[in-house]
Amino acid sequence: MIKALHILDSLNRGGAETMMLDVCRNAKACGLDLTFVATGGGDLESEFRQSGVEFLRLNRSLPVDLSLASQLRQIINERDIRVVHSHQPVEALHLYLATRGSQTRRVLTLHGIYPGTKNELALRFVLPRTHAKIVVSERLRDQFKTSGVCGAGGDCTVVQNGVDPERLKSSRRNLRTELAIAEDELLLGMVGNFQAVAQKDQLTVCKALPALFAAVPRARFAFAGARSETAPHLFDDCVNLCREQGIVARVHFLGQRADIPDVLNSLDVFVLSSLREGAPISVVEAMMVGVPCVLSDIPALREISNEGEYAALFQTGDAADLGEKFIGLANDSGERARLSSTAREWAYAQFGIEPHIANLIRLYGSLLESEARP
């Protein structure tokens, strides 16, 4: 087994954190000897501790913490770690400091565009000093190449995100029962926090709902996602708009949920209206559960749906077009069934956790082989 270390800055319920939890739970069975380090806590910490890999909790007290780098170096040396893998620019910087002068190979996954001066400076420094850079989609690689990011120190390798379908099994708690939704009612929904940096654009969904509800009287909608403390208006504007339109009784704002598999298994249609994405885990999860998807037609979502073959696409930010797509799927049970079946097969084949880990191991092996060559 290749000995590798992965590091995350926080353990909140985000896409990268959820995927890494799936990786940890399946690493040993897939042939990866994994040590996992977290430099901050979060809602998923207890699950990471029980994931089946060695879990180490450290603390970062400064943007560039030399004490943290020293602790990482000790861990890497004691465990004879051959590959270290980060998922954020600041994490990558600390792994560079921890492995500087050693034969340990450094890998960085770029999950999306990282805004902010600190991230930009960290990327400029670490990218030329990183042995392999991973991006999670072809479209994201093209975007980075255009910006010149992948040109610094070599090209990016595409390794698509992985999801463990075992995690998506419902615990039999049913959102429909919780919300008192009848069996003959359609429940549409979206999973995504109301955060400015994420740009999920829930407001466009709210603008599309009056047309849906007028055409399909037995329909409801549920938003699962936390209200941002730094941009609370993104949530508040949606609630206020639904009140103004007289539809608030049919729109459920669930807040942050720990039972996303149960939420997804309760939906008839899933929507993601994002203005910008890397390769969202939530869409793969919905597809694996067999929920027909309606997605904005941004490049990342076109790719994840194979140019709309496995999801209905609407014009990004266009509430009228989104409303039409909602109504079309709501009134066509045959199309919902087709998308449910074909998208599930596509997601299992393209985004399963086992092929994801196999691709990582293949990349790690190539790095170690190149190191061993004279």
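See the structure above.
Residues numbered from 1 in each chain as written. Predicted model: local features only at pLDDT ≥ 70, side-chain atom pairs only at ≥ 80, totals over all residues. Heavy atoms only, no water.

Q: Go over the packing of helix H8 (residues 202-215) against helix H9 (residues 233-244) with me, naming the residues and quoting the values.
A: One can describe the packing of H8 onto H9 by two numbers: an axis separation of 9 Å at closest approach and a directional angle of 5°. Classed by the angle they form, the pair H8 and H9 counts as roughly parallel. Here Gln202, Leu203, Cys206 and Lys207 of H8 come into contact with H9, specifically with Asp237, Cys238, Leu241 and Cys242. Along the lines of polarity and charge, the residues of the contact of H8 with H9 split into 5 nonpolar, 1 polar and 2 charged. (Axes fitted to C-alpha atoms, helices over the stretch in contact; angles between N-to-C directions. Helix = DSSP H or I, 4+ residues; strand = E, 2+ residues; numbered from the N terminus. Parallel < 35°, antiparallel > 145°, perpendicular 65-115°, else oblique. Contact = heavy atoms within 4.5 Å. Nonpolar A, V, L, I, M, F, W, Y, C, P; charged D, E, K, R; others polar.)

Q: Describe helix H14 (residues 333-351), listing the residues and the values that go with them.
A: Compared with the 27 Å implied by 1.5 Å per residue over 19 residues, the 26 Å span of H14 between its first and last C-alpha is a close match. Within H14, burial applies to Arg336, Leu339, Ser340, Ala343, Trp346, Ala347 and Phe351. Angularly, the buried residues of H14 cover 155° about the axis, an arc narrow enough to put them on a single face. Projecting away from the buried face of H14 at angles above 90 degrees are the exposed residues Glu345 and Ala349. Structurally, the start of H14 carries an N-cap: the backbone nitrogen of Gly334 is 3.2 Å from a side-chain oxygen of Asp332. (Expected span 1.5 Å × (residues − 1). Buried < 20%, exposed > 50% of the residue type's maximum accessible area, 1.4 Å probe, protein only. Arc of directions from axis to C-beta. Polar contact = N/O pair within 3.5 Å; in protein donor to acceptor, adjacent residues only side chain to side chain.)

Q: Go over the state of the cysteines with me, naming the residues and quoting the values.
A: This model, assessed by the stated rule, comprises 0 disulfides. Free cysteine: Cys242, not disulfide-bonded; nearest cysteine sulfur from Cys206 at 3.8 Å. Judged by relative accessible area, Cys242 falls into the buried class, the value being 0%. Just so you know, Cys293 is unpaired, no disulfide at all, and the nearest cysteine sulfur is the one on Cys206, 19 Å from it. Using a relative accessible area of 0% as the deciding quantity, one classes Cys293 as buried. (Disulfide = S-S within 2.5 Å.)

Q: So what about the pattern of salt bridges? Which residues, and what values?
A: Between side chains of opposite charge, a pair can form when the charged atoms approach closely. Following the criterion strictly, the structure yields 23 salt bridges and no others. The partner of Asp9 in a salt bridge is Arg60, and the shortest N-O contact between them spans 3.2 Å. Pair noted here: Asp9 is in the loop between strand E1 (2-8) and helix H1 (15-26) and Arg60 is in the loop between strand E3 (54-57) and helix H3 (66-78), with a separation of 51 residues, a long-range link. The class for Asp9 is partly exposed, based on a relative accessible area of 30%. Arg60 sits in the partly exposed class, given a relative accessible area of 28%. For Glu138, the salt bridge goes to Arg141, with nearest N and O atoms at 2.6 Å. In this pair, Glu138 and Arg141 both sit in helix H6 (residues 138-147), 3 residues apart, roughly one turn of the helix. (Salt bridge = Lys/Arg side-chain N within 4 Å of Asp/Glu carboxyl O.)

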